[in-house]
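Listed below are the residues making up each chain.
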Amino acid sequence: PVDADDACGPSGSDALEAHEAVIAEALRALAAGAAECRDICRAAGNICTAAGEICRLAGDGHARCARARGSCTDAGRRRDGSCPVCPATR
């Protein structure tokens, strides 16, 4: 089997790590108890956008993709429980 880090090359690996860092930062914001829907919605959106990029780079079957998708699902549940309607973005 080919390791996603090897398949993506050095820049691909850096990109994966950058997207994982976005997810980690947004998860910290959610865990800190962000009270405003604007912040909750933004964090959830950032997590899901980063998850999509991780899956694109690593491949759908990769463990990194599965973890990222799980983070997106969890963030979506938290968003839906706190803010059924997200404010419009500008």
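Thresholds applied
Each chain has its residues counted from 1, running along the sequence as written. At least 70 in pLDDT is required for a residue's local features to be given in this predicted model, at least 80 for side-chain atom pairs to be given and counted, and no such filter applies to totals for whole chains, interfaces and linings, which use all residues. Side-chain measures here rest on the full set of heavy atoms in the structure, leaving out hydrogens and waters. In this description a helix means any DSSP run of H or I spanning at least four residues, a strand means any run of E spanning at least two, and both kinds are numbered starting from the N terminus. Note on exposure labels: buried denotes an accessible area under 20% of the residue type's maximum, exposed denotes more than 50%, and partly exposed covers the range between, all computed with a 1.4 Å probe on protein chains only. In this description, contact between two residues means that some pair of their heavy atoms is separated by no more than 4.5 Å. Computed with the Shrake-Rupley method and a 1.4 Å probe, the accessible areas treat only the protein chains shown as cover for residues. Axis definition: a line fitted to C-alpha atoms, limited for helices to the stretch in contact. Angles are taken between N-to-C directions and run from 0 to 180 degrees. Any angle between 65 and 115 degrees counts as roughly perpendicular, while under 35 counts as roughly parallel, over 145 as roughly antiparallel, and the rest as oblique. In a left-handed crossing the near helix is turned counterclockwise from the far helix by less than a right angle, and in a right-handed crossing that turn is clockwise. By the convention adopted, Pro, Cys, Tyr, Trp, Phe, Met, Ile, Leu, Val and Ala count as nonpolar, Lys, Arg, Asp and Glu as charged, and the other residues, Gly among them, as polar. The rule for a disulfide is simple: a pair of cysteine sulfur atoms within 2.5 Å.

Novice: Would you take a moment to explain the overall build of the chain for this structure?
Specialist: When helices and strands are tallied, the chain shows 3 helices and 0 strands. Helices and strands appear in the chain in the N-to-C order α-α-α. When the 90 residues of the chain are sorted by exposure, 30% land in the buried category. By sequence separation, contacts in the chain at least 24 residues apart represent 70% of the contacts at least 6 residues apart. As presented, the chain carries roughly 5600 Å² of accessible surface, and 53% of it is formed by carbon and sulfur atoms.

Novice: Teacher, can you tell me more about the packing of helix H2 (residues 37-58) against helix H3 (residues 63-82) here?
Specialist: Two numbers describe a pair of packed helices, the interaxial angle and the distance between the axes. Packing of H2 against H3 brings their axes to within 8 Å, and their N-to-C directions diverge by 160°. Taken as axis vectors, H2 and H3 run roughly antiparallel relative to one another. Relative to H3, the crossing made by H2 is left-handed. Residues Cys37, Ile40, Cys41, Ala44, Ile47, Cys48, Ala51, Ile54 and Cys55 of H2 lie in contact with H3, whose contacting residues are Arg64, Cys65, Ala68, Arg69, Ser71, Cys72, Ala75, Arg79 and Ser82. Considered class by class, the residues forming the contact of H2 with H3 number 13 nonpolar, 2 polar and 3 charged.

Novice: Looking at this structure, how should I read the state of the cysteines?
Specialist: Two cysteines, two sulfur atoms, one covalent bond between them: this is a disulfide. Applying the stated criterion across every chain yields a total of 4 disulfides. With its sulfur 2.1 Å from that of its partner, Cys37 forms a disulfide with Cys83. Linking Cys37 and Cys83, the disulfide has an S-S dihedral of approximately -100° and is accordingly described as left-handed. Highlighted residues: Cys37 in helix H2 and Cys83 in the segment after H3, separated in sequence by 46 residues. Bridging Cys55 to Cys65, the disulfide has an S-S length of 2.0 Å. Note on the Cys55 and Cys65 pair: the S-S dihedral is about 95°, so by sign convention the disulfide is right-handed. Here Cys55 is found in helix H2, whereas its partner Cys65 is found in helix H3, with 10 residues between them in sequence. The connectivity of the disulfide-linked cysteines in the chain, indexed sequentially, is 1-7, 2-8, 3-6, 4-5.

By themselves these figures say nothing about function.
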